[in-house]
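A closer look at the structure
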Amino acid sequence: MTCRYIYQLAGDDGSRDLARSEAEAVCDAEQIAYRLVASDKRARLEGTGYLAGGIELLAEGPDVGAACEAVRRLGLAAEQFAIDVVRLPGGLDLSRRDTANAFALVIEGRPNLDDPAERFTVYATPEGVWFGRALEMGVPQWKRFVAKLHDCSSALPDQAARAVCNLEVRGGERVVDPCCGSGTLLLNASDLGAIVSGFDINKKMVGATNANLLYFGFPASAEQADATEVGGNYDLVLTNLPYGKMSAVSPADELRLVSNIVKLAPRGVLITTNEVTDAVQEAGARLERVIPLSKFTITRQLYQYRRD
Ligand SMILES: C[S@@+](CC[C@H](N)C(=O)[O-])C[C@H]1O[C@@H](n2cnc3c(N)ncnc32)[C@H](O)[C@@H]1O
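Residues numbered from 1 in each chain as written. Predicted model: local features only at pLDDT ≥ 70, side-chain atom pairs only at ≥ 80, totals over all residues. Heavy atoms only, no water.

Some words on the environment of Leu264
Along the chain, Leu264 turns up in the loop between α7 (251-261) and β12 (267-272). A relative accessible area of 2% means that Leu264 is categorised as buried. Spatially, the C-alpha atom of Leu264 lies 7.7 Å from that of Leu236, the residues being 28 residues apart in sequence. Setting aside anything within four residues of it in sequence, one finds Leu264 in contact with Val176, Pro178, Val230, Gly231, Gly232, Asn233, Tyr234, Val237 and Arg307. (Helix = DSSP H or I, 4+ residues; strand = E, 2+ residues; numbered from the N terminus. Buried < 20%, exposed > 50% of the residue type's maximum accessible area, 1.4 Å probe, protein only. Contact = heavy atoms within 4.5 Å.)

Shown next, in the form of structure tokens:
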């Protein structure tokens, strides 16, 4: 891969696999170091859950000295520039100021830290050092959903919900969440251009989803129904299956839920606290991947599948 961009992934260890999978889904990015991925594609950072910044790569090296030498060879000229040395977990233990100075010395032009016209970023890790032009990034779109009117204790965090949607949602597709709760997944799927439908057995949660959708300018599209009986043809299922005190289901009920839900669309993403590999396969689907999601309110797993 000719890598032109390096992206930095946010989140903690519990979301690491989800963040990497999201980066792969949105721009075919591959991991190059802890919390860094590389790609030849420019990602729209604001639309993602975990891509928290990045660079257009200009130079690299196995260590700071070699990367500086690579910048010197470029003959890079820049007026009024600033260099940000990003402190990554697991990155090199170095002085940010000394490192920025070392790079500044090999760029022709004057730094201006207060009001720079150009911004460069350095990622320094034991696996390598990367230097490039910082990519501009606005406020992540998922953040506005934090202000939703209604929440549900078992909902995914909004950032994770965004990443889950980015694994599969394509604009214009019909997406269903048959256990929609307060609609966290549906809000993000709507924001990504999907035409969404939600169902929930609990009338209050149906009201919560519809109020949340309307609040952000999307049509109210949730109805009360039992997901073991919901029918229809959709392009994609996205759901966070019930669990916990408020909506405990027995393992047998969960199997019945999964076997009906998998019939609703040829592709899907299920999030559960239980092992549902057999249930997904018995429903005629092929597992693409299973992603552990730990350190959220409770440890869950994400199952991404295709029905052939
Ligand atoms: C984990 S929560 C979903 C959280 C949701 N993603 C959100 O953003 O709030 C699971 C939901 O499944 C609903 N539920 C439980 N059994 C159901 C069934 N048989 N059919 C439909 N919904 C069901 C519960 O009422 C609950 O709202």
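Quick word on the site of the ligand
If you check the shell around the ligand, you find 22 residues, and the closest are Ser182, Thr184, Asp200, Asp226 and Ala227. Within the side chain of Thr184, an N or O atom sits 2.5 Å from an oxygen atom of the ligand. Residue Asp200 places a side-chain N or O atom 2.7 Å away from an oxygen atom belonging to the ligand. Burial of the ligand by the protein chains amounts to 94% of its free accessible area of 600 Å². Looking at the shell around the ligand residue by residue, the class counts come to twelve nonpolar, eight polar and two charged. (Near = heavy atom within 4 Å. Polar contact = N/O pair within 3.5 Å; in protein donor to acceptor, adjacent residues only side chain to side chain. Areas by Shrake-Rupley, 256 points an atom, 1.4 Å probe, with all protein chains shown as cover. Nonpolar A, V, L, I, M, F, W, Y, C, P; charged D, E, K, R; others polar.)

Looking at the pattern of salt bridges
Applying the stated criterion across every chain, the model contains 22 salt bridges. Within this structure, Glu168, Arg170, Glu173, Arg267, Arg286, Glu288 and Arg306 form a network of salt bridges that share partners. (Salt bridge = Lys/Arg side-chain N within 4 Å of Asp/Glu carboxyl O.)

Topic: the domain arrangement of the protein chain
Here the protein chain is described as being made up of domain 1 (5-134) and domain 2 (141-307). A C-alpha centroid distance of 35 Å is found between domain 1 and domain 2. Counting residues at the interface gives 18 residues for domain 1 and 18 residues for domain 2. When domain 1 packs against domain 2, close to 1400 Å² is buried across both sides, 52% of that on carbon and sulfur atoms. The tally of links from domain 1 across to domain 2 stands at one salt bridge. The shortest N-O distance in the salt bridge between Arg289 and Glu24 comes to 3.7 Å. Scanning the region where domain 1 abuts domain 2 turns up nine residue pairs in polar contact (both at pLDDT 80 or more). Tallied by class, residues from the side of domain 1 that touches domain 2 come to five nonpolar, six polar and seven charged. (Domains from an automatic or database assignment. Buried area = accessible area lost by both parts, 1.4 Å probe.)

Here's the deal with unusual backbone geometry
Backbone geometry places Asp28, a non-glycine residue, at a positive phi of 55°. Despite not being glycine, Gln80 shows a phi value in the positive range, around 55°. The residue Gln80 is located in the loop between α2 (64-74) and β5 (81-86) in this model.

Details of the sheet that holds strand β2 (residues 30-33)
One open sheet accounts for seven strands, arranged β2-β3-β1-β4-β7-β6-β5; its pairing is mixed. Of all the strands in the sheet, the pair left with one neighbour each is β2 and β5. For this sheet the average axis-to-axis angle between neighbouring strands, irrespective of direction, equals 40°. The pairing of strand β1 (residues 5-9) with strand β4 (residues 51-61) spans four bridges and is antiparallel. Paired with Ile6 across the bridge in β4 is Ile55. Sheet strands touched by helix α3 (residues 96-104): β5, β6 (118-125) and β7 (128-134). Its angle to β5, the strand with the most contacts, is close to 135°. (Pairing = 2+ DSSP bridges. Axes fitted to C-alpha atoms, helices over the stretch in contact; angles between N-to-C directions.)

Re the pairing of β1
The buried fraction of β1 is high, at five of five residues. Burial along β1 is two-sided: the face carrying Tyr5, Tyr7 and Leu9 and the face carrying Ile6 and Gln8 are both buried. Pairing of β1 with strand β3 (residues 36-39) involves four bridges; the strand directions are antiparallel. Along β3, the bridge assignment pairs Tyr7 with Val37.

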